[in-house]
Amino acid sequence: MSGSLNIPRHVAIIMDGNGRWARERGLSRIEGHRAGAESVRAIVRAAGEAGVEFLTLYAFSLENWVRPRAETSALMRLLTHYLRREVAELDKNNVRLEAIGRLDDLPKVAQRELEEARRATAKNTGLTLILALSYGGRAEIVDAVRGIVADAHAGRLKPEQVDEKAISSRLYTARYPDPDLLIRTSGEMRLSNFLLWQMSYTEMWITPMLWPDFRKPEFMRAIEDYSKRQRRFGGVEPA
Ligand code: IPE
Ligand code: IPE
Ligand code: MG
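In this report, we go over the structure that sits alongside the text. Owing to the predicted nature of the structure, the values given are computational and were not obtained by experimental measurement.

1. Observations concerning the side chain of Gln198
As for its position among the elements, Gln198 is in the loop between β5 (181–184) and β6 (203–206). Take Gln198: its relative accessible area is 2%, and that puts it in the buried class. A polar side-chain atom of Gln198 sits 3.1 Å from a polar atom in the side chain of Glu140. A polar side-chain atom of Gln198 sits 2.7 Å from a polar atom in the side chain of Thr173. Non-local contacts of Gln198, meaning those with residues more than four positions away in its chain, are made with Tyr135, Glu140, Leu171, Thr173, Asp178 and Pro179.

2. Side note on the site of ligand 1
Lining the immediate surroundings of ligand 1 are Met15, Asp16, Gly17, Asn18, Gly19, Arg20, Arg29, His33, Ala59, Asn64, Arg67 and Leu75. Contact distances for ligand 1 include 2.9 Å between an oxygen atom and a side-chain N or O atom of Asp16. At 3.4 Å, a backbone N or O of Gly17 approaches an oxygen atom of ligand 1. Elements with a contribution of two residues or more to the shell around ligand 1: α1 (18–24) and α2 (29–50). For the shell around ligand 1, the element with the most residues is α1, which contributes 3 residues. Looking at the shell around ligand 1 residue by residue, the classes come out as 3 nonpolar, 5 polar and 4 charged.

3. A look at the pairing of β5
Along β5, one buried face is formed by Leu181 and Ile183 and the opposite face, lined by Leu182 and Arg184, is buried too. Pairing geometry for strand β1 (residues 10–14) and β5, over 4 bridges, is parallel. Considered in β5, the bridge of Ala12 is made with Leu182. Pairing between β5 and β6: 4 bridges, direction parallel. Counted as the bridge partner of Leu181 is Glu203 from β6.

4. Some remarks on unusual backbone geometry
Here Asn94, not a glycine, exhibits a phi torsion of approximately 65 degrees, which is positive. With respect to the helices and strands, the residue Asn94 is situated in the loop between α3 (69–92) and β3 (96–100). For Asn94, a relative accessible area of 28% corresponds to the partly exposed category. Here Ser186, not a glycine, exhibits a phi torsion of approximately 70 degrees, which is positive. Residue position: Ser186 is located in the loop between β5 and β6. When its relative accessible area of 8% is taken as the criterion, Ser186 is described as buried.

5. Considering the pattern of salt bridges
Scanning the model with the defined rule gives 30 salt bridges in all. Linking Asp225 and Arg229 is a salt bridge whose minimum nitrogen-to-oxygen distance equals 2.7 Å. Here the residues in one salt-bridge network are Arg45, Glu49, Glu89, Lys92 and Lys216, joined through shared partners.

6. Some thoughts on the site of ligand 2
Near ligand 2 the following residues occur: Ile14, Met15, Asp16, Tyr58, Ala59, Phe60, Ser61, Asn64, Arg67, Arg184, Arg190 and Ser192. Within the side chain of Arg67, an N or O atom sits 3.3 Å from an oxygen atom of ligand 2. For ligand 2, whose free accessible area comes to 390 Å², the fraction covered by protein is 77%. Element by element, the count of residues in the shell around ligand 2 is highest for strand β2 (residues 54–61), at 4 residues.

7. Things to note about the environment of Gln230
One can find Gln230 in the segment after α7 (216–227). On the basis of relative accessible area, Gln230 is assigned to the partly exposed category, the value being 37%. Separated by 85 residues in the primary sequence, Gln230 and Val145 have C-alpha atoms spaced 33 Å apart. In this structure the side chain of Gln230 is engaged in a polar contact, spanning 2.8 Å, whose partner is the side chain of Arg232.

Conventions adopted
Residues numbered from 1 in each chain as written. Chains lettered and ligands numbered in written order. Predicted model: local features only at pLDDT ≥ 70, side-chain atom pairs only at ≥ 80, totals over all residues. Heavy atoms only, no water. Helix = DSSP H or I, 4+ residues; strand = E, 2+ residues; numbered from the N terminus. Buried < 20%, exposed > 50% of the residue type's maximum accessible area, 1.4 Å probe, protein only. Polar contact = N/O pair within 3.5 Å; in protein donor to acceptor, adjacent residues only side chain to side chain. Contact = heavy atoms within 4.5 Å. Near = heavy atom within 4 Å. Nonpolar A, V, L, I, M, F, W, Y, C, P; charged D, E, K, R; others polar. Pairing = 2+ DSSP bridges. Salt bridge = Lys/Arg side-chain N within 4 Å of Asp/Glu carboxyl O. Areas by Shrake-Rupley, 256 points an atom, 1.4 Å probe, with all protein chains shown as cover.

In structure tokens:
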């Protein structure tokens, strides 16, 4: 089915709209997040089947810690349950799970499940699923700059050696290619501090659909749309 499509190697998704989905149904925001976890399941599977190599999901931002404690705690519990419940399925589907962000901010039990899921799937060779957790794009750049300054201070790096690669290689995403396609659900036209450095030439696709409603058909629409685009990277249209 996806044979004739130009499949993006790396898809990044801002999974937004769980709260609105719940409100429309008179449910609690937490119910919205629970429904959103089902979409995660479906999209991980769809991305693997389509032949995407890297899928980065924005699951919790550094800024999301300002939400009421009841909501952040519920999100952390959901994360822990998701990891516990899905690791066997991920492994069966040859998915390798990784995570980016200030992972030390997560509750210890979530950190342990994450470590366990990483270890259990480390040898898999299919889709790499990257969960962005307590992730902030500016914080990531700050962390990279700290590393550069420390290396300079120790005499391992000269100012003229600081180039784009010196920065890229110190980001949490050092081992991944930049995203080819960014999908955002629920219609907001903003980046919300997601992969700021990495998305300089990423194609964007925004749908009004709320995240818990986002499943394989809509995901494939995004891929089809991406497939028709012409990326220029500052160049001119080929003759
Ligand atoms: C996305 O849904 C999930 C997280 C940010 C954790 P939201 O919770 O932001 O849902 P809305 O934007 O309030 O609808
Ligand atoms: C972005 O959604 C973060 C995640 C999807 C995890 P938000 O709901 O936090 O973004 P804003 O606040 O509307 O920009
Ligand atoms: Mg939101």
